Number of protein chains: 2
Amino acid sequence: METLRDIGEFGLINRVARMLPGNEAVVEGIGDDCAVLKIGGALALVSCDASIEDVHFKRCLSAPEDIGWKAMTSAISDIAAMGGHPRFALITLACPAGTETEFVDRLYHGFSTVATRFGVTIVGGDTAHSPSGIAVDIMVIGETVEGRYLLRSGAQQNDVLAVTGYPGRSAAGLLALERGLTACPLIPAHVFPVPRVEEGKWFAQQPSVHAMIDLSDGLVQDAGHIAERSGLGLDIDPERVPIAPELDAYQDTLGINPRDLALAGGEEYELILALDPKHSDDIRQAFQDRFFMPLTVVGHFMEASHGVCVAGEPVSPKGFDHFRK
Amino acid sequence: METLRDIGEFGLINRVARMLPGNEAVVEGIGDDCAVLKIGGALALVSCDASIEDVHFKRCLSAPEDIGWKAMTSAISDIAAMGGHPRFALITLACPAGTETEFVDRLYHGFSTVATRFGVTIVGGDTAHSPSGIAVDIMVIGETVEGRYLLRSGAQQNDVLAVTGYPGRSAAGLLALERGLTACPLIPAHVFPVPRVEEGKWFAQQPSVHAMIDLSDGLVQDAGHIAERSGLGLDIDPERVPIAPELDAYQDTLGINPRDLALAGGEEYELILALDPKHSDDIRQAFQDRFFMPLTVVGHFMEASHGVCVAGEPVSPKGFDHFRK
C-alpha cells in the first residue's frame, strides 16, 4: 500500500491541495509560505509550523529555551518569506504528563524571547497530552504592508537568483554541536537563527523583486521551489555562493566542503529572491547599506526545459524531506 | 520535580498566560475559547485545537473520516462558543512515514466535509514527520458578526444557566461503540457531533445572553469555567438536565445513569449559557422556534462563596484533564 514515504512531503502537500477548494476571500491558498486572506478589509498572512521531538529537535542536544527560540523563528520566518509583518502567534503544545513544569516555563521563555523581539504577541493556543514526545505547532498571523507581498511563483525568465547573508552556517553549527565543539562560532547560527522580518518587508516594497522564499530546507531545494512554482528553470553557480569566514575556517576541523553545506544546509532562515537583472546592482547596494549584510547573486532563472541545475548539471532538488529521510 | 501531572491542564494554561503580555490589538488573550484580535479594522476570532492519537482518538475505534470530522468539529466549536462566524482553517498534520496515503485522503475528506458544511475554507497548514502516532492541530479564524461576541466571563449574579440540546449522548455513544453495540442510536452523537455555529451566532446577538462556552469537557466542568471566570458561584439542578429519549432507553443496556453522563460527559459541542432570568422564557421559546431544539434552564449563578454545586452539594469541577487522567 502506498505510504507517505513513497510520495514525500511535497507529494502530500500537492495531494491535499487538490482536495480543497478555495473561495473569493482566499487570495492565495495552499502552496506558498503563507496563505493570504481577506480579513476585515485587510490582507492577512497566516501560516503554521510544527516542531516535533526527535524530528526537529532533540532534548539531549537542545536546551528548552533553544527549542522554543527555533520553533518561533521558523514560524515567524514564513511571514518574513512573503514580506509580511508578523503580529500574533498561537501555540499548541502537546507533551507527556510527566514533562517538568520547569521545561515548559523555559520553552515559553524561548518562544517569547523571539516573539517579543519581532513584535509578535502570543495570544493563545491549545495544550494537550501526548503519549510520547513533545510536539509544538505555532500559527502566526501577519499583516501585509501597503497590501504588498511576495509569492514563490513570481519569478520571470532571466531574473537573477539572490540570497541574503551567508548560507551553510546553521548546518555547520549542528555538526559542531554534535561533535562537542562547544566553542565553535558557527553554533549560534544553528541555535539562535533569526527570521529576516525587516529584510523581507523591505524586499516586498521593491518592484524589481519578483519572488521570495525563506531558506528552510536548503538553498538548492528552496530556490527550486521558486523555479517550479514560477514555471521556470534555474542554474545556480556554486562559486558565487558567499561563504562566511568562520565556515571557511572550520572546514578541516569539521571535515566538510563549505560550498556543499551552503547549497544543501537548511534552517538558515535567510531569504532567497528572484530579482530583475536590470536593478540587481542597485538593490544589492541599497540592501547592504540598510541592513549591513550582503545580498549576493548566485544564479539565474531560465526556460523551464533547463530544469534545476548547479553549475550546468541537473540536480534533483529534493534536499530534506520529512517522510523520506 | 513538579510535572504537568501535578498542575493539570488548567494549571498549565494559567502558568503560560502569566508569562505572556498582551497589547492593544489583543482584545481578549489567553483564557477563553478564542482570542479576539483587531485585524484590518475588524474583530477576528482565532483558536487552535489539537487531536492526538491514543489521547483524542484511537485508529482501532474510528475510521479516518470520523477522526477528521471530529477534529474539525472541535476546532470550529471554539468559534461557535464565542458566537463567531468561522471562515478559514489551517491544518497541521504530523504522521509516521509509514502512514498510508489512503488514510490521509480519508482524514482530509472528514476535515473538508465539516468545513464545507459550515462555510470554512481550508487554506493551508503544515505537514511533518512524527516518530510515533498521528497528531492533528487545526487553527480556525473566524469573524464576529456586528462586532459582537460572548466571553466566559460575562455571567451576572442571579443569571440562569441554560444548555442547548440533550447532553450525555456523546459519552453514551462512546460506551456503546466500545461494547460493540453498533446499532445503538447514540453512536452518531459521538462520531458525528456538529458545532452549534448558527446557534452561537444567534445567541451573540441577544443582549440578554451574558456568557457562553461550548460543552467539550462536561456540563459541570464547562459551566464551572463560566462561574470561575465570572467570579460567581453556581448551582446545577440535575433533575432539570434534559435527557434524550434514546439515552433513557439505553440506560439498562449500557449500565449507566443518564443524568451522570449528562453532567460529566464531554465532546457534546452543545452550548452552555448564562442568561438574564427576566428574559429566559422569551429566549428559550425563540430558540426552540428557530432551531427546533430545546434550550433548557438547568441551574443558576450565585455569589462566589457558594462555589460550584450540583443539587446544593459542592463539587470539584474537574471533569476531564488531559494531564491528570
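Just so you know, these numbers come straight off a predicted model, no measurement behind them. (Residues numbered from 1 in each chain as written. Chains lettered and ligands numbered in written order. Predicted model: local features only at pLDDT ≥ 70, side-chain atom pairs only at ≥ 80, totals over all residues.)

S.K.: Which parts of the structure should I look at to understand the overall build of chain A?
M.R.: Of the regular secondary structure elements, chain A holds 11 helices and 13 strands. The C-alpha atoms of chain A give 19 Å as radius of gyration, which agrees with the globular expectation for 325 residues (20 Å, within 12%). Taking the principal axes of its C-alpha atoms as reference, chain A extends roughly 55 × 55 × 50 Å. Counting across all 325 residues of chain A, residues that qualify as buried make up 56%. Pairs at least 24 apart in sequence give 81% of the contacts found in chain A among residues at least 6 apart. (Helix = DSSP H or I, 4+ residues; strand = E, 2+ residues; numbered from the N terminus. Rg over C-alpha atoms; globule rule 2.2 N^0.38 Å. Buried ≥ 20, exposed ≤ 12 C-beta atoms within 10 Å, placed from the backbone. Contact = placed C-beta atoms within 7 Å.)

S.K.: I'm lost on the domain arrangement of chain A in this one. Help?
M.R.: Interface size, as often reported, equals the accessible area lost upon joining of the parts. Residues and elements named next belong to chain A. Partitioning chain A into domains gives domain 1 (4-143) and domain 2 (152-314). Look at where the C-alpha atoms of domain 1 and domain 2 centre, and you get two points 22 Å apart. Contacts between the two partners involve 17 residues from domain 1 and, on the opposite side, 19 residues from domain 2. For the side of domain 1 that touches domain 2, the secondary structure elements donating two or more residues are α2 (64-80) and β4 (85-95). (Domains from an automatic or database assignment.)

S.K.: I'm lost on the environment of Phe287 of chain A in this one. Help?
M.R.: Examined against the element boundaries, Phe287 of chain A turns out to sit in helix α11 (residues 280-291). Between the C-alpha atom of Phe287 of chain A and that of Glu199 of chain A, which follows or precedes it by 88 residues, the distance is 8.2 Å.

S.K.: Can you walk me through the sheet that holds strand β4 (residues 85-95) of chain B in this structure?
M.R.: Strand-to-strand pairing in sheets goes through backbone hydrogen bonds, with the strands running parallel or antiparallel. All names here are of chain B. Judged by pairing direction, the sheet is mixed, and its 6 strands sit side by side in the order β1-β2-β3-β6-β4-β5 without closing on themselves. Lying at the two open borders of the sheet, with one neighbouring strand each, are β1 (26-28) and β5 (121-129). Pairs of neighbouring strands in the sheet enclose a mean axial angle of 25°, with direction left out of account. When β4 meets strand β6 (residues 135-143), the two strands line up antiparallel, connected through 9 bridges. The residue bridging His85 from the neighbouring strand is Glu143, located in β6. (Pairing = 2+ DSSP bridges. Axes fitted to C-alpha atoms, helices over the stretch in contact; angles between N-to-C directions.)

S.K.: Is there a simple way to explain the interface of chain B and chain A in this structure?
M.R.: Taken together, the contact pairs 68 residues of chain B with 68 residues of chain A. Of all the secondary-structure elements, those providing two or more residues to the side of chain B that touches chain A are α1 (4-19), β2 (35-39), β3 (42-52), β4, α3 (101-117), β5 and β6 of chain B. When its residues are assigned to classes, the side of chain B that touches chain A shows 36 nonpolar, 21 polar and 11 charged. (Nonpolar A, V, L, I, M, F, W, Y, C, P; charged D, E, K, R; others polar.)

S.K.: What is the right way to read the pairing of strand β11 (residues 295-302) of chain B from this model?
M.R.: For a regular strand, the rule is simple: side chains alternate between the two faces of the sheet. All names here are of chain B. Strand direction decides the pairing type here: strand β7 (residues 160-164) and β11, joined by 5 bridges, are antiparallel. The residue of β11 that forms the bridge with Val163 is Thr296. Bridge analysis of strand β9 (residues 233-236) against β11 gives 4 bridges, and the strand direction is antiparallel. Residue pairing across strands places Ile236 opposite Gly299, the latter belonging to β11.

S.K.: Could you clarify how one ought to interpret helix α7 (residues 219-230) of chain B in this entry?
M.R.: Note on helix geometry: an α-helix contains 3.6 residues per turn, so any two residues three or four positions apart are oriented the same way. All names here are of chain B. With 12 residues, α7 ought to run about 16 Å at 1.5 Å a step, and its terminal C-alpha atoms sit 16 Å apart, in line with that. Counted residue by residue, α7 has 10 buried out of 12 residues, so it is predominantly covered. Among the residues of α7, those classed as buried are Leu219, Val220, Gln221, Asp222, Ala223, Gly224, His225, Ile226, Ala227 and Ser230. (Expected span 1.5 Å × (residues − 1).)

S.K.: I'm lost on the packing of helix α1 (residues 4-19) of chain A against α3 of chain B in this one. Help?
M.R.: Relative placement of two packed helices is described by the angle separating their axes and the distance separating the axes. At a closest axis distance of 11 Å, the pairing of α1 of chain A and α3 of chain B adopts a crossing angle of 25°. With respect to α3 of chain B, the axis of α1 of chain A lies roughly parallel. Both α1 of chain A and α3 of chain B take part in a crossing whose hand is right-handed. Together, Leu4, Ile7, Leu12, Arg15, Val16 and Met19 of chain A of α1 of chain A and Thr101, Val104, Tyr108 and Ser112 of chain B of α3 of chain B make up the contact between the two elements. A breakdown of the residues in the contact of α1 of chain A with α3 of chain B according to their chemical character gives 7 nonpolar, 2 polar and 1 charged. (Parallel < 35°, antiparallel > 145°, perpendicular 65-115°, else oblique. Left-handed = near helix turned anticlockwise from the far one by under 90°.)

S.K.: Would you explain the pairing of β6 of chain B in this entry?
M.R.: Residues and elements named next belong to chain B. Counting buried positions over the 9 residues of β6 gives 9, a clear majority of the element. The alternating pattern of β6 places Ala135, Asp137, Met139, Ile141 and Glu143 and Val136, Ile138, Val140 and Gly142 on opposite faces, both of which are buried. The sheet contact formed by β3 and β6 spans 9 bridges and is antiparallel. Within β6, the residue paired with Ile52 across the bridge is Ala135.

S.K.: Can you walk me through unusual backbone geometry in this structure?
M.R.: Excluding glycine, residues mostly carry a negative phi; peptide bonds, for their part, are mostly trans. All names here are of chain A. The phi torsion at Asp54 lies on the positive side, around 70°, for a residue other than glycine. By the secondary structure assignment, Asp54 is in the loop between β3 (42-52) and α2. Exposure remark for Asp54: the 15 C-beta atoms within 10 Å place this residue in the partly exposed category.

S.K.: Explain the sheet that holds β3 of chain A here, please?
M.R.: All names here are of chain A. Ordered in space as β1-β2-β3-β6-β4-β5, the 6 strands form an open sheet in which the pairing is mixed. Two strands bound the open sheet, and with one partner strand each, they are β1 (26-28) and β5 (121-129). Neighbouring strand axes in the sheet, compared pairwise and without regard to direction, differ in orientation by 25° on average.

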